[in-house]
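# Fold and contact review
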Amino acid sequence: MPMPLPRSRGPLRIASLAAALGSLLAMTACGQGGGSGDGGDGGKTIRIAYQAFPSGDLIVKEKGWLEKALPGYDVKWTKFDSGASINTAFVAGSVDLAAIGSSPVARGLSAPLNIPYEVTWVLDVAGDNEALVARDGSKISSVKDLEGKKVATPFSSTSHYSLLAALDRAGVDASKVQLLDLEPQDILAAWTRGDIDATYVWLPTLEELKKTGKVIVSSRELAAGGKPTLDLGVASTGFLKAHPDVLPAWRTAQARALNLIHDDPGAASAAVGRQLGISPAEAGTQLKQGIFLKPAEQADAKWLGTPGKAGGLADNLHSAARFLVDQKQIDAAPDIETLRRAIHQEGLSDAVSP
């Protein structure tokens, strides 16, 4: 794992991507990745990458709504631990739809990845469900205290972006912090061993860490300061063109899940709890820490927008990409028009109508 974070990670990023691609391509060769569309049995397959954080996406999975809406498809859900690994899967052609953070999406739409996918949904806006937490006894009470400390976060994730934003806001040089690239489950293990002093990570791992740590800053606070992060639904452009019946059904299911979160939080919590292996009460507490839009808000000018008029989400991604350039995480940000074209509004109004 890289430590500390270098100012330029080009060779490392390419080497890591190549290694991950090799693994994914091997899976495909063994029949685990299969191409989308017609399967070997003459059927059709939808390969969905999901992450285990409290969201409407988990409700859709738990309820089997997509499978019921598209009986002619074999829907395959695969769990990923971070947006970076999902981007790698898209590059390998192993995923059709995904739940992924806005920072990884900004990176994915930038060179050298230039992933041909489009944003189709806002799953949630990060609030208190993603935060920087310091371990008890670490003597960290502010972001400035991170200098010289070991701080873990999944690189190329929204948490990584938010951590860099928090350091930048506090005037802390990231090179003076020992940044560790760890996935959430590895962060929990390192925390338990006392190997790290702090971490920026999301739920449900965050909830466990708060039992023996203190929240220093949350993504809600950073969003208020101009650095918002979101969890987004994205889809392969090729898949959208080949299977125009899938996205409307997927959006309708996601809209139904958002309505459940707002209108019947008990049922939503029970569904999310079953997916995360926690009690409905715990799931309900975690859901309350995120910010979930109403379905109709998806087409608002602040978010996805309408056909021919991309919403503010494109500007959010552009801002994120430019920040990543400033932080030496990517070489150049895509122009705003490229990002506007990557927002898929077609058919959105039909899926989110009351």
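The following refers to the structure shown. (Residues numbered from 1 in each chain as written. Predicted model: local features only at pLDDT ≥ 70, side-chain atom pairs only at ≥ 80, totals over all residues. Heavy atoms only, no water.)

## Topic: the side chain of Q286
Here is the rule we go by: Each helix corresponds to a stretch of at least 4 residues labelled H or I by DSSP, and each strand to a stretch of at least 2 residues labelled E; elements are numbered beginning at the N terminus. Between two residues, a contact is recorded if the distance between any of their heavy atoms is within 4.5 Å.
Take Q286: it is sitting in helix α13 (residues 280-287). Dropping the residues within four chain positions of it, Q286 is found in contact with P54, L203, P204, E207, L276 and I278.

## Overview of the packing of helix α6 (residues 158-170) against helix α14 (residues 313-326)
Just so we agree on the cut-off: Lines fitted to C-alpha atoms define the axes, with helix axes restricted to the stretch in contact, and inter-axis angles between N-to-C directions lie between 0 and 180 degrees. The labels follow the angle: roughly parallel below 35 degrees, roughly antiparallel above 145, roughly perpendicular from 65 to 115, and oblique for the rest. Crossings are assigned a handedness: left-handed for a near helix turned anticlockwise from the far helix by less than a right angle, right-handed for a clockwise turn. Note on residue classes: Ala, Val, Leu, Ile, Met, Phe, Trp, Tyr, Cys and Pro are nonpolar, Asp, Glu, Lys and Arg are charged, and everything else, Gly too, is polar.
The N-to-C vectors of α6 and α14 enclose an angle of 65 degrees; their axes lie 11 Å apart at closest approach. For the element pair α6 / α14, the angle class is roughly perpendicular. The way α6 lies across α14 gives a crossing that is left-handed. Residues Y161, L164, A165 and D168 of α6 lie in contact with α14, whose contacting residues are A320, F323 and L324. Counted by class, the contact of α6 with α14 contains six nonpolar, no polar and one charged residues.

## Describing the layout of surface pockets
What counts here: Whether a set of points on the 1 Å grid over the protein atoms alone is a cavity depends on a 1.4 Å probe fitting there but being unable to get out, while an open set qualifies as a pocket with protein on both sides within 12 Å along at least five of seven lines; lining residues are those with an atom within 4 Å of a point. Grid points are joined across faces, edges and corners, and a volume is the space filled by probe spheres set on the points.
In this model, the second largest pocket occupies a volume close to 360 Å³. Listing elements by their share of the lining of the second largest pocket, those giving two or more residues are α7 (184-193), α8 (205-209) and α13. Grouping the amino acids of the lining of the second largest pocket by side-chain chemistry returns eight nonpolar, five polar and six charged.

## Remarks on empty space enclosed by the protein
Going through the model one piece at a time under the given rule, you end up with two cavities of 30 Å³ or more. Taken together, 18 residues line the largest cavity, and the ones lying closest to its centre are F53, E130, T158, W202 and D231. For the lining of the largest cavity, the secondary structure elements donating two or more residues are β4 (97-101) and β11 (230-236). Taken together, the residues of the lining of the largest cavity break down into eight nonpolar, seven polar and three charged.

## Considering unusual backbone geometry
Here the residue pair A111 and P112 is connected by a cis peptide bond, since its omega of 5 degrees sits within 30 degrees of zero. Put simply, L203 and P204 share a cis peptide bond, and its omega is 5 degrees. With respect to the helices and strands, the residue P204 is situated in the loop between β9 (198-202) and α8. The phi torsion at N114 lies on the positive side, around 45 degrees, for a residue other than glycine. For N114, the location among the structural elements is in the loop between α5 (102-108) and β5 (117-125). One non-glycine residue with positive phi stands out, namely K328, at about 65 degrees.

## Thoughts on the environment of L313
Our working definition: Only protein chains enter the area calculation, which uses a 1.4 Å probe; residues under 20% of their type maximum are buried, those over 50% are exposed, and those in between are partly exposed.
Relative to the helices and strands, L313 resides in helix α14. Using a relative accessible area of 1% as the deciding quantity, one classes L313 as buried. Considered as a pair, L313 and L339 are 26 residues apart in the sequence and their alpha carbons are 8.9 Å apart. The residues contacting L313, other than those within four sequence positions of it, are V119, V122, L230, L232, K302, W303, L304 and I343.

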